[in-house]
Amino acid sequence: MTECMPISDAAQAYLAAGLCTLPARRTEKRPAVGRWKQYQKGLPTPDELSAWLTPRNNPRNHPDAVCIICGAVSDNVEIIDFDGGGELFVAWWRRIPADLRDRLVVERTPSGGWHVIYRCIAAVCGNLKLAQRRSERGNKIVTLIETRGEGGLFLCAPTTGYEITQGDLCDLPRLTEDERDVLLQAAWDLNEYVPPVVNGPMHNSNTGQTITSSAARSTCALHSADRPGDDFNVRGDMRAVLEQSGWSLVRNGENECWRRPGKTSGWSATLKDRVFYVFSSNAEPFEPNTAYSPFSVYTLLSHGGDYEQAARCLRLSGFGSDCPIDACSGANISGIVAMANAYRPETANIAGGGDGSPEITDPGPIPERLFHVPGLVEQVMNFTLANAPYPNVGLAFCGAMALQSYLCGRKICDSGDLRPNIYLLALASSGTGKDFPRKVNSRVLFETGHVNALGDKFASGEGIQDALARTSVMLFQNDEMDGVLRQINLDRENKRESIPNILLTLYTSANDVYPMRVKAGQKEACHIDQPHLTLFGTATPQYFYESLSQRMLTNGFFARLIIVDIGKRGEGQTPGSARNLPEPVIQIAKWWSEFQPGTRRANLIEVHPEPRMVPCTPEAAEAITALQRQTEHEYDQAHVRNDEVARVAWSRTHENAKKLALIYACSENHENPTITLPGVEWASAFAMHQTRRQLFLAANYVAENPFHSECLKLMRKLREAPKQQLSHQVLLKRMKMKTKDFKELVETLVQRNDVDAIPVQTGGRTGLVYRLNAGVKEGEGR
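(A) Quick look at the sheet that holds strand 24 (residues 532-539). Spatially, 20-21-24-19-25 is the arrangement adopted by the five strands of the open sheet, whose pairing is parallel. Strands at the two margins of the open sheet, each flanked by one partner only, are strand 20 (454-455) and strand 25 (561-565). As paired elements, strand 21 (residues 473-478) and strand 24 share six bridges and run parallel to each other. The partner of L475 across the bridge, within strand 24, is T534. Packed onto the sheet, helix 13 (residues 435-447) meets strand 20, strand 21 and strand 24 and runs at close to 155 degrees relative to strand 21.

Right, dumping it as structure tokens:
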């Protein structure tokens, strides 16, 4: 038996039996071979294997384990891996017919788990999670049974702690597809966890495409019976849809079992409580280990994934309200729904983490269309862009939005008493022209007699309080936000008087009474009724990204920042003067200055304001509710994953969108502002982009330790390079690290399949080019 042999002899025996065998490191559970990914396609030679396992060739780092690569390279080897101390192994074993289980190769693992090993006559898929459950605390999904298939690997005997208890690895049984299904379905029967239900467009990991047309919109993503998709979820006949597409019911009851077309035994999915849960990896167009709503089943099977077309057909069949889709109260909120669906927690895992974390892609720079806000904001932007020495749309937008926020401060609110105070942060390098938008705002406040409400630097938290005590409404234009953000990381004691904490408290006190500190000589504390502070700050992108941390991303102040990366400097032009403001801009600013809502006398309004409530159209209110449901869903999913960064980010998205919609209304019509559907759609799109960007930054810049930080940095260098690849020499220079450390870093990323090392011939010499693995998406590598 091979478990009694030395590792080198057993490895040679496995190789002779057609198994792709590599030396491994037992504690790390990975191959002890650089660039081992090539052996997923071809077997090593006996001489290669002997050289790897000979101590004299590797005396300091001798491998202490052996592993086998699964899949086609080993003639369709697959294993079923029982984790959690093997607690489900006995229950699974009893479900397997005796004549089948007696043929299997079974191996005990050091943790008390089990491996069940076999070959299949057909190709096997990648790794599958077969049985999961929620942890006792409910904040983590635990995988108890999973497969190791194509591209996977497993450690085996005679590695210390691994013991073959039945059969021989050199004589694996070859199972039919039906026999393999019996093994997998016995494990699926023990599953206790069903992932969130797919009720709209999602990414197909098999094809790499989104299962919907580019114009498709999930009208069922909102739980409202007047939408055909939601109505079908309640009363549609999903069984008829399945049967018409060739699916067959093989077991009735509370938890029905369904078999995919072309399959003659077993089952591929279950149906319970109107949730269709697919196990099979060969049940196109469905994804494995995924739960689907009735509407998604109907759309995928009957309309090729086109949700818009499916909704229209259901409408014609009597589902949903009587009005056509294009004329439902004028409230077509598909854009909001589509944007929310663009970040779905169930789309994919990042970098093989297997922790349920979402696939995170870079949403990229803010599209220019999202910088368009009609009215005053547009007029101020146009003036800035026409006169700035280096015009930049992002900077002009930040300046104009900050101005509008200040002008209507303490004067308006929405029906929930939300105020228009916002904190804007423009990421701008030196020389990008960030000073001109500030000059425009300063001139506007000078023209309206409010220059005393301007602030620039933050000397201290107390200084901010004192400034607000004098005017109650402030516009701070700060060019040193790098230092303010660094305070979040440095303030380990979370001091109440720190600048970020003062700013956070003021932000949340805009519709409340803010208590001032008691100064020396004062008998009683002072208060500010409904303080309003608008912040227009700038920071250098390099220092901003370097300062990102888990602590910062979960800080309440950071979560409320509207961050705009302005990109490259605009093309230079002959500058104009900020003093020559357009007359319409001055007139609107003066109108806001003189506007005194409420019934109190002017002198009391300054102390105790009565802001005017801005109305909201029914269509806009419906869209706001839709966004709230989407962001609450994302928050709940982050809570399940125990993802604090995502939880904080999604908790603020809805509020940020409402503030932006309020400012949009005031800019569009200062005399009679109304929150409309276009304003909510714009604000929702902007806020969703901000949240996705924040999550992308977390995935790409926030490291768990210094080595992880270097891994993320190297992958960013490759991602930003042409064709996502760099030569060894160039990458080493850009990483600015010692050769020894660089080698260790690259070897780790290669072994993790994050980076490919490709030999190339240059001038008669063989060199290396490093390329980002095609399977690694933005946001991966965590």
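(B) How the structure looks around the sheet that holds strand 17 (residues 290-292). With mixed pairing, the six strands of this open sheet are ordered in space as 12-17-16-15-14-13. This sheet does not close on itself; its edge strands, each paired only once, are strand 12 (197-198) and strand 13 (248-251). Here strand 16 (residues 275-278) runs beside strand 17; their pairing, made up of three bridges, is antiparallel. For Y277, the partnering residue across the bridge sits in strand 17 and is A291. The sheet strands contacting helix 8 (residues 294-302) are strand 12, strand 16 and strand 17, and the helix crosses strand 17 at an angle near 95 degrees.

(C) Local environment of unusual backbone geometry. In this chain, A157 is followed by P158 through a cis amide linkage whose omega measures 10 degrees. Of the consecutive residues E284 and P285, the connecting peptide bond is found in the cis state with omega at 10 degrees. In this structure, P285 sits in the loop between strand 16 and strand 17. At D273, a position not held by glycine, the phi torsion is positive, near 55 degrees. Taking relative accessible area as the criterion, D273 reaches 63% and is therefore assigned exposed.

(D) Here's a closer look at the pairing of strand 24. Strand 24 sits mainly inside the fold: eight of its eight residues count as buried. Here strand 19 (residues 423-427) pairs with strand 24 via five bridges, running parallel. Directly across from L427, in strand 24, lies its bridge partner A539.

(E) Looking closely at the packing of helix 6 (residues 228-235) against helix 9 (residues 307-316). In the contact formed by helix 6 and helix 9, the axes pass within 9 Å of each other and the chain directions differ by 65 degrees. Considered as vectors, helix 6 and helix 9 are oriented roughly perpendicular to each other. The two elements helix 6 and helix 9 cross, and the hand of that crossing is left-handed. Facing helix 6, whose interface residues are P228, G229 and F232, helix 9 presents A311, L314 and R315. Residue composition of the contact of helix 6 with helix 9, by class: four nonpolar, one polar and one charged.

(F) Local environment of the packing of aromatic side chains. On inspection of all chains with the given rule, the structure shows 26 aromatic pairs. An angle of 35 degrees between the planes, with centres 6.1 Å apart, marks the rings of F89 and W92 as tilted. With F89 and W92 both in helix 3 (residues 89-94) and three residues apart, this pair spans about one turn of that helix. Cluster of aromatic residues (ring-pair linked, three or more members): F82, F89, W92, W93 and W114. For R569, the ring lying beneath its charged end belongs to Y390, and the centroid distance is 3.8 Å. Sitting over the ring of Y507, K659 keeps its end group 4.7 Å from the ring centre.

Conventions adopted
- Residues numbered from 1 in each chain as written.
- Predicted model: local features only at pLDDT ≥ 70, side-chain atom pairs only at ≥ 80, totals over all residues.
- Heavy atoms only, no water.
- Pairing = 2+ DSSP bridges.
- Helix = DSSP H or I, 4+ residues; strand = E, 2+ residues; numbered from the N terminus.
- Contact = heavy atoms within 4.5 Å.
- Axes fitted to C-alpha atoms, helices over the stretch in contact; angles between N-to-C directions.
- Buried < 20%, exposed > 50% of the residue type's maximum accessible area, 1.4 Å probe, protein only.
- Parallel < 35°, antiparallel > 145°, perpendicular 65-115°, else oblique.
- Left-handed = near helix turned anticlockwise from the far one by under 90°.
- Nonpolar A, V, L, I, M, F, W, Y, C, P; charged D, E, K, R; others polar.
- Phe/Tyr/Trp six-rings, centres within 6.5 Å; stacked < 30°, edge-to-face > 60°.
- Lys NZ or Arg CZ within 6 Å of the ring centre and 35° of its normal.

Structural measurements only, silent on function.
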